[in-house]
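# Geometric and topological summary
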Amino acid sequence: MKLKKVISALLVMTMAASLLAGCGGSGNDAGSSGADSSSSDAAQTETSSEDAGGGSAVEEQVLKVAAFEGGYGADMWSEVVAAFEASHPGVTVELTIDKKLEDVISPSMKAGDYPDVVHLATGREAALTETLTKENALLPLTDVLEMTVPGEDVKVKDKIIPGFLDTLATNPYGDGVTYYAPMFYSPCGLFYNAGLFKEKGWDVPTTWSEMWELGDTAAADGIALFTYPTTGYFDAFTYAALASAGGSDFFDSCMTYEDGIWESADATKVFELVGTLAGYTEATTVANANNDNFTKNQQLILDNKAIFCPNGTWLPGEMADAPRADGFEWGFMALPAVNDGGAGCSFCWFEQMWIPAAAQNQDMAKEFVAYMYSDEAAQIFAKSTAIQPITGVSDYLEGDNKMFYSIYDNGATAVMGGFAATAPVEGVNMLDTLCGTVNSIVSGDKTVADWQAAVEEASDKLRAAME
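Being a predicted model, the structure only gives us computed values, none of them experimental.

Scanning all chains against the criterion turns up 37 aromatic pairs. Judged by centre distance (5.4 Å) and plane angle (70 degrees), the ring pair of Phe 191 and Phe 404 falls under edge-to-face. On the criterion of sequence distance, the pair formed by Phe 191 in strand β4 (residues 181–193) and Phe 404 in helix α17 (residues 399–404) is long-range, its members being 213 residues apart. Accessibility assignment for this pair places Phe 191 and Phe 404 in one class, buried. When the ring of Phe 271 is compared with that of Trp 451, the centres are 4.9 Å apart and the planes differ by 85 degrees; the resulting orientation is edge-to-face. With Phe 271 in helix α11 (residues 265–278) and Trp 451 in helix α20 (residues 448–464), this pair connects stretches of sequence that are 180 residues apart. An aromatic cluster of three or more residues is present, and its members are Tyr 239, Phe 251, Tyr 257, Trp 262, Phe 271, Phe 347, Trp 349, Phe 419 and Trp 451.

Structural data, given as structure tokens:
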């Protein structure tokens, strides 16, 4: 994969914090705005110990941390910084938090004064993270993965949920080197009424064969197997299905328009899967699959008129005041495995943390990044519903969130990333061609073969625009 192609993929990483807030509609904008900082005149020196476990004595030093204030608020950052300082005597964290973090830190960075650690996702309008990446101005974090989580006896790489470190969203140059540490995530999957399964005595399907069997059984009771809010939700659905069909390398090839990739056997499985699913989709779905009426489709699973609906963890909040069938309980699952014996997959959005290559306190910056995956830090973040991608994170959660975020604990593989950016190509929009066409497949206006050919054609045109 060419370097230029890989870096360009950064420009469309849709797991940015701004997208999380936009899709989630969480309303969690609590917390202060503006910068929150504390300072010290202590000398910025190297640690007296290279022990990655933390807790050993260190010389007085200041660590500059800059964090984006998203929907989770600012208070959690102040609390986690205080906990880090308590566990690292001699270290004072100078904390900067802002909703427009780029505007705050960019002037100083241009003058050569860089933060040691930055929490700022890709995909934001200012594109600061992408700019520094293209300039090779980030510090590799691969060695952080080998560090022991401060205060614990497990390595960072073994604490992070599988799948989060095998993606262009963490390894932007495609060379196996991690530059972005994954932060706060939101999984996507299939929502359903668990109460209906109890009432009917149904088993939750784990394969697509079992899905089709359930669809036939439910149809006898006048219940459709599937609905979707709008075709836009087929991005997360299709990404998960592609990764399940062909693995992470295949998924990356799809995202970077490899020649012939959309005509491959693995891609064909996904197109045909959606084609079959179209026949099990509730009849009114297409008519309401728009920005004005999408909640009517979501309501279908609350009314037991459809079983499954693809969405993200914001759905229950979005439908909190909607009426529902007696005994309704939220259920949530990954997409079943496309291949027999394979793993189910769940696409997720997440944010990122990184260290500038020009950071002055690089060793302690790495220690701080490693600390982000500690149980202590994760529990602080979780109180603000900012969920870290670590194994066992569901232990810190309650209610529906505990169930939603246990999806990876239960064996699902995390999938993340997005299409590589290209120069504009008149009349070509890959997401429109791939996802927007689903309405026509469900309505029968287009065939799966024609749809697949159109996606390959769009991919060919966009691949040329990457050169």
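This part is about the nonpolar core. Trp 77, Phe 164, Tyr 185, Met 372 and Phe 381 are the most contacted members of the largest nonpolar core, which totals 76 residues. Setting aside residues no more than four positions away along its own chain, Tyr 185 makes contact with Ile 161, Phe 164, Cys 348, Trp 349, Phe 350, Ile 387, Gln 388, Pro 389, Val 393, Tyr 405 and Tyr 408. Ranked by size, the runner-up nonpolar core spans 65 residues in total, among them Phe 250, Leu 277, Ala 278 and Val 428.

This part takes up the pattern of salt bridges. Following the criterion strictly, the structure yields 14 salt bridges and no others. Residue Glu 146 pairs with Lys 155 through a salt bridge whose shortest N-O separation is 3.2 Å. Glu 146 gets classed as partly exposed once you look at its relative accessible area, which sits at 39%. Note that Asp 259 and Arg 463 form a salt bridge whose closest N and O atoms lie 3.2 Å from each other.

What follows is about unusual backbone geometry. In this model, Asn 136 sits at a positive phi of 55 degrees, which is unusual for a non-glycine residue. If you trace the backbone, Asn 136 turns up in the loop between α5 (128–134) and α6 (142–145). Judged by relative accessible area, Asn 136 falls into the exposed class, the value being 54%. A positive phi angle, close to 60 degrees, is found at Tyr 257, a residue other than glycine.

As a further point, take the pairing of strand β2 (residues 91–98). The buried count for β2 comes to 6 of 8 residues, which makes it a mostly enclosed element. Regarding the hand of the β-α-β motif, the stretch spanning strand β1 (residues 61–68), helix α3 (residues 75–87) and β2 is right-handed.

It is worth spelling out the state of the cysteines at this point. Per the stated rule, a full pass over the model turns up 0 disulfides. Of all cysteine sulfurs in the structure, the one in Cys 348 sits closest to Cys 188, which takes part in no disulfide; the separation is 7.6 Å.

In this structure, Ile 161 sits in the loop between α7 (156–159) and β4. Since its relative accessible area comes to 3%, Ile 161 is described here as buried. In this structure the C-alpha to C-alpha distance between Ile 161 and Gln 388, which are 227 residues apart in sequence, comes to 9.3 Å. Not counting residues within four places of it along the chain, the set of residues in contact with Ile 161 comprises Tyr 185, Pro 389, Ile 390, Thr 391 and Tyr 408.

The next thing to look at is the side chain of Thr 433. Relative to the helices and strands, Thr 433 is located in helix α18 (residues 430–436). Excluding residues within four positions of it along the chain, Thr 433 makes contact with Trp 451, Ala 454, Val 455 and Ala 458.

Now for a negative patch on the surface. On the surface, Asp 203, Glu 210, Glu 213 and Asp 216 cluster together to form a negatively charged patch. Structurally, Glu 213 is set in helix α9 (residues 208–219). The class of Glu 213 is exposed, set by a relative accessible area of 53%.

The rules behind each value
- Residues numbered from 1 in each chain as written.
- Predicted model: local features only at pLDDT ≥ 70, side-chain atom pairs only at ≥ 80, totals over all residues.
- Heavy atoms only, no water.
- Phe/Tyr/Trp six-rings, centres within 6.5 Å; stacked < 30°, edge-to-face > 60°.
- Helix = DSSP H or I, 4+ residues; strand = E, 2+ residues; numbered from the N terminus.
- Buried < 20%, exposed > 50% of the residue type's maximum accessible area, 1.4 Å probe, protein only.
- Core = buried A, V, L, I, M, F, W, Y, C linked by side-chain atoms within 4.5 Å.
- Contact = heavy atoms within 4.5 Å.
- Salt bridge = Lys/Arg side-chain N within 4 Å of Asp/Glu carboxyl O.
- Right-handed = clockwise from strand over helix to strand, strands pointing away.
- Disulfide = S-S within 2.5 Å.
- Patch = residues over 30% accessible without salt bridge, like charges linked within 9 Å, V, L, I, M, F, W, Y side chains within 5 Å.
- Areas by Shrake-Rupley, 256 points an atom, 1.4 Å probe, with all protein chains shown as cover.
- Lys, Arg positive; Asp, Glu negative; His and termini not counted.
- Charge placed at Lys NZ, Arg CZ, Asp CG, Glu CD.

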